[in-house]
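Working through the structure, step by step
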Amino acid sequence: TEAAAVFHGAAALAAACAVGLVWRRVKDAELRAAALLAGVFLAAPYAYYYEMVILALPLALVAKRGLEQGWIRREQVLITAAFLLTMLMPGQAQKMGVSWGLITVLIVAAAVIRRIAHEHPQTFRLRKN
């Protein structure tokens, strides 16, 4: 539908901008990769549940950083929720009428963005101070 196309376009643009900012302002290759992998699923028009195994990589990175540098508030909850939601795919999503895949992608993207903003606060600021 038209509404879905507009939503997808806005999500793809936002993902591209966020990934662009990370790649321009953050030199850490792991965080760059995590942003790109999370952003890919927001830019793609569709993804099947078996392709979402790729999201394990940015989640593993966020978990690694949490263990090494300390956890951000509710970061463990996001990681756990993303993992558990994958168990509702594919069959349960159709029965319940909810896109658990989209919710999972949004949770992973939020976890990655929060981690990057925590480690590099200037990344998502419009003006550098």
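See the structure above.
Described below are features of the structure shown in this document. (Residues numbered from 1 in each chain as written. Predicted model: local features only at pLDDT ≥ 70, side-chain atom pairs only at ≥ 80, totals over all residues. Heavy atoms only, no water.)

Looking at the packing of helix 2 (residues 29–43) against helix 3 (residues 56–69)
Where helix 2 meets helix 3, the closest approach of the two axes is 8 Å, and the angle between their N-to-C directions is 140°. Two packed elements cross with a definite hand, and for helix 2 against helix 3 that hand is left-handed. Note on element contacts: helix 3 touches helix 2 through Leu57, Pro58, Leu61, Lys64 and Arg65, opposite Glu30, Leu31, Ala34, Leu37 and Ala38. When its residues are assigned to classes, the contact of helix 2 with helix 3 shows seven nonpolar, no polar and three charged. (Axes fitted to C-alpha atoms, helices over the stretch in contact; angles between N-to-C directions. Helix = DSSP H or I, 4+ residues; strand = E, 2+ residues; numbered from the N terminus. Left-handed = near helix turned anticlockwise from the far one by under 90°. Contact = heavy atoms within 4.5 Å. Nonpolar A, V, L, I, M, F, W, Y, C, P; charged D, E, K, R; others polar.)

A look at a nonpolar patch on the surface
Taken together, the side chains of Tyr46, Tyr48, Tyr49 and Tyr50 make up a nonpolar region of the molecular surface, amounting to roughly 520 Å² of accessible area. Assignment of secondary structure puts Tyr50 in the loop between helix 2 and helix 3. (Patch = residues over 30% accessible without salt bridge, like charges linked within 9 Å, V, L, I, M, F, W, Y side chains within 5 Å. Areas by Shrake-Rupley, 256 points an atom, 1.4 Å probe, with all protein chains shown as cover. Salt bridge = Lys/Arg side-chain N within 4 Å of Asp/Glu carboxyl O.)

Quick word on helix 3
The end-to-end C-alpha distance of helix 3 is 20 Å, a good match for the 20 Å that 14 residues give at a rise of 1.5 Å each. Among the residues of helix 3, Pro58, Leu59, Leu61, Val62, Ala63, Arg65 and Gly66 are the ones counted as buried. Against helix 2, helix 4 (75–85) and helix 6 (100–119) lie the buried residues of helix 3. Following helix 3 by one or two positions, Gly70 adopts a phi angle in the positive range, close to 100°. (Expected span 1.5 Å × (residues − 1). Buried < 20%, exposed > 50% of the residue type's maximum accessible area, 1.4 Å probe, protein only.)

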